[in-house]
Amino acid sequence: MTRQKRRKIIRARRTATGIALVAAISFIAGMTDAIGLTMSGDFVSFMTGNTTRAALSLQSGDYTHAATLFAAIFAFVAGNAGGIVIAHRSYRRIFNVLCAVGALLGLAALLQQTDMSIIQFCIVVFAMGMINAAVEHIEGLPIGLTYVTGALSRFGRGIGRFMLGERKIDWTIQIVPWLGMITGAVCGAIVARSYPAVALAAVSAAVFAVAAATGFMPRSLRRRYNQNVTIRRVN
């Protein structure tokens, strides 16, 4: 086997592993978003929608709802930041990020039995922000896990370039998060309607299951799907 062929095989394996991981995490994100929307009436990962709804609430004078949505947006941003910190200070980046997300969703599931709906909502939003740090790219292509507008935009632009004669098809990977999210959202809606008391606990268990599966990933891939952080020290 030539070196070039071996590299192609290794790259194909890396890409396949990344696609499976993105599909699984997007499935969880879609499931969580559907459950969160059913339980609270607001999105837990779609901050564009929450921003628009916050503006409408301000316009109509519903300042309490607007404040809740602004708190959710802050929690989502903070979750992304926290996920990056965990990912880049951990040996097992994806595993540790997913375990943190699973623990947060488990905590939210416990709060489901108390009168702490706003706190519970913000915890779930924080977790959905954090999960984005699990996978940031696949072979250099940016990937969004909890929001698919960007992925669909990149997919559409890829179709346009293909129509103009460009024959690269790596853009097709952008449809994976959307497929994972819509499948997860359907399952989440079913679980939320049929078993509302254990819906978040079910998602938490699913996150821990995916985290456990990442333990079988080759060591060479554990840091492959995250961007490196360059720390500049000022003397």
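Preceding block: the structure.
An account of the accompanying structure is given in this report. (Residues numbered from 1 in each chain as written. Predicted model: local features only at pLDDT ≥ 70, side-chain atom pairs only at ≥ 80, totals over all residues. Heavy atoms only, no water.)

As for the overall build of the protein chain
Inference 1: Scanning the protein chain for helices and strands turns up 8 helices and 2 strands.
Inference 2: In the protein chain, the succession of α and β elements from N to C terminus is α-α-α-α-α-β-β-α-α-α.
Inference 3: By sequence separation, contacts in the protein chain at least 24 residues apart represent 73% of the contacts at least 6 residues apart.
Inference 4: Summed over its atoms, the accessible surface of the protein chain is roughly 12,800 Å², and 63% of this surface lies on carbon and sulfur atoms. (Helix = DSSP H or I, 4+ residues; strand = E, 2+ residues; numbered from the N terminus. Contact = heavy atoms within 4.5 Å. Areas by Shrake-Rupley, 256 points an atom, 1.4 Å probe, with all protein chains shown as cover.)

Some thoughts on the environment of Ala78
Inference 1: Here Ala78 is to be found in helix 3 (residues 63-88).
Inference 2: Judged by its relative accessible area of 25%, Ala78 falls in the partly exposed class.
Inference 3: Spatially, the C-alpha atom of Ala78 lies 7.3 Å from that of Gly129, the residues being 51 residues apart in sequence. (Buried < 20%, exposed > 50% of the residue type's maximum accessible area, 1.4 Å probe, protein only.)

Considerations on the packing of helix 2 (residues 47-60) against helix 3
Inference 1: Running from N to C, helix 2 and helix 3 cross one another at 155°; their axes reach a closest spacing of 8 Å. Relative to helix 3, the element helix 2 lies roughly antiparallel. Crossing of helix 2 over helix 3 shows left-handed handedness. Residues Met47, Asn50, Thr51, Arg53, Ala54, Ser57 and Leu58 of helix 2 pack against Tyr63, His65, Ala66, Leu69, Phe70, Ala72, Ile73 and Phe76 of helix 3. (Axes fitted to C-alpha atoms, helices over the stretch in contact; angles between N-to-C directions. Parallel < 35°, antiparallel > 145°, perpendicular 65-115°, else oblique. Left-handed = near helix turned anticlockwise from the far one by under 90°.)

Describing the packing of aromatic side chains
Inference 1: Scanning the entire structure with this criterion turns up 1 aromatic pair.
Inference 2: Aromatic side chains Phe43 and Phe46 sit 5.1 Å apart centroid to centroid with 90° between the ring planes, which places their arrangement in the edge-to-face category.
Inference 3: The lysine or arginine in question, Arg167, covers the ring of Phe162, its NZ or CZ lying 4.2 Å from the ring centre. (Phe/Tyr/Trp six-rings, centres within 6.5 Å; stacked < 30°, edge-to-face > 60°. Lys NZ or Arg CZ within 6 Å of the ring centre and 35° of its normal.)

Comments concerning the layout of surface pockets
Inference 1: Taken as a whole, the largest pocket encloses approximately 250 Å³ of empty space.
Inference 2: In this structure, the largest pocket is lined by 15 residues; those nearest its centre are Asp33, Val148, Met181, Ile182 and Ala185.
Inference 3: Among the secondary structure elements, those contributing two or more residues to the lining of the largest pocket are helix 1 (3-40) and helix 7 (175-194).
Inference 4: Class assignment of the residues belonging to the lining of the largest pocket gives a composition of 10 nonpolar, 4 polar and 1 charged. (1 Å grid on protein atoms, 1.4 Å probe; cavity = no way out; pocket = protein on both sides within 12 Å on 5 of 7 lines; lining within 4 Å. Points joined across faces, edges and corners; volume = space filled by probe spheres on them. Nonpolar A, V, L, I, M, F, W, Y, C, P; charged D, E, K, R; others polar.)

Here we look at the environment of Ala199
Inference 1: Tracing the chain through its elements places Ala199 in helix 8 (residues 199-214).
Inference 2: Overall, Ala199 belongs to the buried group, its relative accessible area being 0%.
Inference 3: Residues Ala199 and Gln112, spaced 87 residues apart in sequence, show a C-alpha to C-alpha distance of 9.8 Å.

Concerning a nonpolar patch on the surface
Inference 1: The grouping of Leu152, Trp178, Leu179, Ile182, Val186 and Ile190 at the surface amounts to a nonpolar patch, some 500 Å² of accessible area in total.
Inference 2: Top element by residues in the nonpolar patch is helix 7. It accounts for 5 residues.
Inference 3: Tracing the sequence through the fold places Ile182 in helix 7. (Patch = residues over 30% accessible without salt bridge, like charges linked within 9 Å, V, L, I, M, F, W, Y side chains within 5 Å. Salt bridge = Lys/Arg side-chain N within 4 Å of Asp/Glu carboxyl O.)

Considerations on helix 6 (residues 149-163)
Inference 1: In a regular helix each residue adds 1.5 Å, so 15 residues correspond to 21 Å; helix 6 covers 21 Å between its end C-alpha atoms and thus fits that length.
Inference 2: Phi turns positive one or two residues past the end of helix 6, at Gly165, with a value near 115°. (Expected span 1.5 Å × (residues − 1).)

Concerning the nonpolar core
Inference 1: If you look at the biggest cluster of nonpolar residues, it comprises 48 residues, and the most contacted ones within it are Leu98, Val101, Leu105 and Val125.
Inference 2: Of all elements in the fold, only helix 1, helix 3, helix 4 (93-111), helix 5 (117-130), helix 7 and helix 8 reach the threshold of two or more residues within this core.
Inference 3: Among the elements that take part in this core, helix 4 stands out by supplying 10 residues, more than any other.
Inference 4: In contact with Val101, other than residues within four places in its own chain, are Ala127, Met128, Met130, Ile131 and Val207. (Core = buried A, V, L, I, M, F, W, Y, C linked by side-chain atoms within 4.5 Å.)

Describing the environment of Ile175
Inference 1: Examined against the element boundaries, Ile175 turns out to sit in helix 7.
Inference 2: Taking the C-alpha atoms as reference points, Ile175 and Ala23, 152 residues apart in sequence, are found 9.7 Å from one another.
Inference 3: Here Ile175 is in contact with Leu152 and Phe155, once residues within four sequence places are set aside.

Take it as geometry only, folks, not as evidence of what the structure does.
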